[in-house]
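# Reading the structure
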Amino acid sequence: MQAQDYKIILFGDSLMAGYGLDSADHLNLYLEKDLQSLNIQSSITNASVSGDTTSGGLNRLNWSLQDDYDLFVLGLGANDMLRGIAPEITKTNLSKIIEAVLVKDIKILLTGMQAPNSYGSEYQQSFNDIYPTLAEEFQISLYPFLLEGVALIPELNQSDGKHPNKKGIQIISKNLANTIKNIVN
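Reference entry: report on the structure contained in this document. (Residues numbered from 1 in each chain as written. Predicted model: local features only at pLDDT ≥ 70, side-chain atom pairs only at ≥ 80, totals over all residues. Heavy atoms only, no water.)

## Remarks on the side chain of N79
Let me state the cut-off plainly: Runs of E in the DSSP output that reach at least two residues are strands. Runs of H or I that reach at least four are helices, and both are numbered from the N terminus. Any pair of nitrogen or oxygen atoms within 3.5 Å is treated as a polar contact; in protein, a donor-acceptor pairing is required on top of that, and neighbouring residues in sequence qualify only through side-chain atoms on both sides. In what follows, residue pairs with any heavy atoms lying within 4.5 Å of each other are defined as contacts.
Its location among the elements puts N79 in helix α4 (residues 78-82). One polar contact links the side chain of N79 to the main-chain carbonyl oxygen of D52, over a distance of 2.8 Å. Not counting residues up to four positions away in its chain, the partners in contact with N79 are D13, G51, D52 and T53.

Right, here's the structure in full:
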């Protein structure tokens, strides 16, 4: 397969959907440009839904997989954490999503999320372990923390302190592009 027509789907929540941003500042647009600068021509579908949980993602998965894709970027779990959903449930839902995507012979990039200390060390540890455990179990690519270099930095986030602003999305895009380059090559 040639990289000129690398078809990618972003399947996440508000962090990927562009919550609070102008449509011109959505992750898929920056990511296409960043990949192009790495000599990877791509077409990116943003199938992310603000507020989505892993359960919601699992429910809409078949609809999102109607097209053929080369790479499935899975970025769900943050809303599960915010709602205090048991990490075992989040992990099970993510496992089912991963299995359904792998059956279609699509590569997966799992983007991890991290629980803050305020959830208690037991929940934090259980939640944070979900992503590396699944990546190992299914032998898929992992980007350990979607908000790497952006989380908790006020000037890179919107006023809610949770959602990246335009500058934050640009950092996330560059980080993802470099990770995707390793998957494509």
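Having seen the model, we can carry on.
## Quick word on the pattern of salt bridges
Quick note on the threshold: The working definition used for a salt bridge is a side-chain nitrogen of Lys or Arg within 4 Å of a carboxyl oxygen of Asp or Glu. The rule is simple: take the accessible area with a 1.4 Å probe, protein chains only, and divide by the maximum for that residue type; under 20% is buried, over 50% is exposed, in between is partly exposed.
For the structure on display, the rule yields four salt bridges. Across the pair R60 and D52 runs a salt bridge whose closest N-O atoms are separated by 2.5 Å. With relative accessibility at 14%, the residue R60 sits in the buried group. E137 is the partner of K91 in a salt bridge, and the nearest nitrogen-oxygen pair spans 4.0 Å. Here the residue K91 occupies a position in helix α5 (residues 87-103), and E137 occupies one in helix α6 (residues 121-138), the gap between them amounting to 46 residues.

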